[in-house]
Structure formats: C-alpha cells, structure tokens
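Structural overview
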Amino acid sequence: TEDEIAPFERDMKEFWIQFKISYSTEQISQTSALRESCKEAIEALSEKWSKKLKEEDLMIDKIQECNNEILQQRKHIAEKEEQLTEIKLKLSQEEEQQKNLADSIQELKEELMKKIEIKSSKNEAAKEKVERVSKTKTLFKERLALEMRRIHDEQLQFIFRHIDHKDPDKPYMFTLSLNEQGDYEVTSCTPPLDCIAELQLKLRETNNFSAFVANIRKAFTALSYK
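What comes next concerns the included structure. Please read these numbers as outputs of a predicted model, since none were measured by experiment. (Residues numbered from 1 in each chain as written. Predicted model: local features only at pLDDT ≥ 70, side-chain atom pairs only at ≥ 80, totals over all residues. Heavy atoms only, no water.)

Details of the nonpolar core
We count it as follows: Throughout this description, the term nonpolar core refers to a set of buried Ala, Val, Leu, Ile, Met, Phe, Trp, Tyr and Cys residues connected via side-chain atoms within 4.5 Å. Only protein chains enter the calculation, and the probe is 1.4 Å; a residue is then buried if its accessible area is under 20% of its type maximum, exposed if over 50%, and partly exposed in between. Labels follow the DSSP assignment, with helices taken as runs of H or I lasting at least four residues and strands as runs of E lasting at least two, numbered in each case from the N terminus. In this document the domain limits rely on a domain assignment from an automatic tool or a database. Residue contacts are defined here by distance: any two heavy atoms, one from each residue, within 4.5 Å place the two residues in contact.
Residues Phe158, Phe160, Phe174, Leu176, Phe209, Phe212 and Ile216 are the most contacted members of the largest nonpolar core, which totals 25 residues. Going through the elements one at a time, α1 (2-113), β1 (146-151), β2 (155-160), β3 (172-178), β4 (184-190), α4 (196-206) and α5 (209-224) are the ones with two or more residues in this core. For this core, the element with the highest residue contribution is α5, accounting for six residues. Each of domain 1 (74-143) and domain 2 (145-225) accounts for three or more of the residues forming this core. With near-sequence residues (within four places) excluded, isoleucine 216 lies in contact with Phe160, Phe174, Leu193, Ile196 and Leu199.

Looking at the sheet that holds β2
Selection criterion: Strand pairing is assigned whenever DSSP identifies at least 2 bridges connecting the two strands. A fitted line through C-alpha atoms represents every axis, and for helices the fit uses only the stretch in contact; the resulting angles, taken between N-to-C directions, go from 0 to 180 degrees.
Across the sheet, four strands lie side by side as β1-β2-β3-β4; this open sheet has antiparallel pairing. The sheet terminates laterally at β1 and β4, the two strands that pair on one side only. Direction aside, the axes of adjacent strands within the sheet are offset by 20° on average. Examined bridge by bridge, β1 and β2 share six bridges and lie antiparallel to one another. The residue of β2 that forms the bridge with glutamate 147 is isoleucine 159.

Observations concerning the pairing of β4
In this sheet, β4 lies alongside β3 in antiparallel orientation, the contact comprising six bridges. Counted as the bridge partner of serine 177 is glutamate 185 from β4. Connecting β3 to the antiparallel partner β4 that follows it, the hairpin turn spans five residues, and glycine 182 within it adopts a positive phi of roughly 85°.

So, the packing of aromatic side chains
In plain terms, the rule: Only Phe, Tyr and Trp rings are paired, with Trp represented by its six-membered ring, and only when their centres lie within 6.5 Å; those with planes under 30 degrees apart are stacked, over 60 edge-to-face, the remainder tilted.
Evaluation of the coordinates by the stated rule reveals eight aromatic pairs. Ring plane angle 50° and centroid distance 6.0 Å describe the contact between phenylalanine 158 and phenylalanine 209, whose orientation is recorded as tilted. Linking phenylalanine 158 in strand β2 with phenylalanine 209 in helix α5, this pair joins segments that are 51 residues apart in sequence. Across this residue pair, the class does not change: phenylalanine 158 and phenylalanine 209 are buried. Every member of this aromatic cluster is reached through a ring pair, and the members are Phe158, Phe160, Tyr172, Phe174, Tyr184, Phe209, Phe212 and Phe220.

Details of a negative patch on the surface
For the record, the criterion: Like charges within 9 Å and nonpolar side chains (Val, Leu, Ile, Met, Phe, Trp, Tyr) within 5 Å are joined into patches, using only residues over 30% in relative accessible area that form no salt bridge. Accessible surface area values rest on a Shrake-Rupley calculation with a 1.4 Å probe, where residue burial reflects the displayed protein chains alone. For salt bridges, the criterion is a side-chain nitrogen of Lys or Arg within 4 Å of an Asp or Glu carboxyl oxygen. Only four residue types enter the tally: Lys and Arg on the positive side, Asp and Glu on the negative side, with His and both chain ends excluded. In plain terms, the charge of a residue is placed at NZ if it is Lys, CZ if Arg, CG if Asp and CD if Glu.
Taken together, the side chains of Glu55, Glu56, Asp57, Asp61, Glu65 and Glu69 present a region of like negative charge at the surface. Topologically, glutamate 55 is positioned in helix α1.

A short note on the pattern of salt bridges
According to the stated counting rule, one finds one salt bridge in the structure shown. In this structure, the salt-bridge partner of glutamate 147 is arginine 149, at a minimum N-O distance of 3.0 Å.

Regarding unusual backbone geometry
Threonine 190 connects to proline 191 through a cis peptide bond whose omega is -5°. Assignment of secondary structure puts proline 191 in the loop between β4 and α4. Positive phi, close to 60°, is recorded for histidine 162, a residue that is not glycine. With respect to the helices and strands, histidine 162 occurs in the loop between β2 and β3.

Below, the structure written as structure tokens:
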C-alpha cells in the first residue's frame with residue numbers, strides 16, 4: 001500500500017542524502033590532501049631547480065674566471081714574444097755591427113801597438129796613420145755607436161752606446177793600456193763585468209783584439225738585460 005511505501009521512500013531519500021554528504025566530505029578531504037601533496041611536490045621541485053640554477057650560476061662564474069685567466073695568460077705570452085722578438089732583433093744588429101767592426105778593430109790594434117812610433121815620428125807615413133785612426137774613430141762614433149778617446153797616461157778609452165734598449169744613450173765603457181811588458185791591460189770598466197779578467201787573459205793568449213772588443217760588447221749587452 002502507499003502508506004507502507006512512503007516510509008521506505010523517506011528512508012531511501014535520507015540514505016542518499018547521507019551518502020552524498022559523506023561522498024562530498026571524502027572528496028573534499030581527498031582534494032585537500034591532493035592539493036597539499038601537489039604543493040609539497042611543487043615546493044620540492046622549486047627548491048631542487050633553485051639549487052640547480054645556483055650551481056649553474058657558480059659554474060658560469062667559474063668558466064668566466066677561467067676565460068679571464070686564459071686571456072691574461074695570452075696577453076702575458078704575447079708580451080714575452082714581443083720582448084723576445086726585440087731581443088733577437090737587437091742581437092742580430094749587434095752581430096752585424098761586430099762583423100763590420102772586425103777589420104777596423106784589427107787596424108786599431110796595430111795602431112795601438114805602434115803608438116810610441118806614431119807619437120815620435122814626424123814623417124808623412126806617421127801623419128797618414130794618425131789620420132786613418134781618426135777616420136776609424138769617426139766611423140765607430142757615427143755608425144757603430146763606439147767612441148774611442150785617448151786619455152791620460154797614453155790610455156785608450158772605449159765608450160759603447162746603443163747597448164741598453166731602455167736608454168740607448170747610456171754609456172758602457174772600459175779603458176785599455178799597455179803595461180811595461182807590452183801586454184794589454186784593462187785599467188777600468190764601467191759598469192763592472194765579472195768576466196773582464198777572463199777576457200783580458202784570453203786577449204793576451206790569442207792577441208785577437210777584435211774578438212776581445214766584440215766579447216766585451218756582448219757582455220755589456222747581456223748585462224743590460226738583467
């Protein structure tokens with residue numbers, strides 16, 4: 001009958017109402033849990049990528065630092081290569097000058113050995129020799145930056161220039177004379193050379209005056225780069 005069905009329908013409606021309420025509550029709870037889970041996942045992912053980005057920034061800074069260091073090294077190498085080229089050019093010029101000096105220095109040696117004869121002689125031959133020495137001195141001074149002066153006590157002073165690439169006009173000099181035994185003797189050297197005694201001994205042994213002057217110039221050149 002309808003009276004019997006009515007309570008059943010009420011019970012069914014109430015059941016569905018309670019079911020919907022329960023389902024909605026569970027859905028809301030699941031949705032909140034999912035939201036929290038997503039939030040935590042997003043925060044963890046954000047932290048991970050933030051850390052990764054910081055590491056990449058540090059790596060970029062390190063790479064830039066390495067690049068700057070490489071640029072500095074390249075610049076330093078270029079400067080050294082330029083200095084080396086300069087030195088090679090200077091040495092090449094020195095060798096050429098020494099080659100040109102050889103004949104003239106040999107002639108100067110002969111004139112130095114005969115200084116007493118030249119001084120006392122009044123004939124034309126002696127005058128020609130003096131004139132030739134004067135021309136040689138002029139040649140050395142104007143073209144080869146080597147000047148020779150006769151100073152007190154019959155000594156000859158040799159003055160080199162164009163030695164120091166930083167100060168081409170700076171003088172490097174030594175004074176030479178003949179002792180009582182007729183041997184060459186260096187009486188002064190400015191700036192001092194540690195090898196001067198050795199070079200003087202070699203000159204006395206070989207009597208090669210041109211090589212002696214050339215070796216002194218080389219020693220002065222080497223000293224200028226220290």
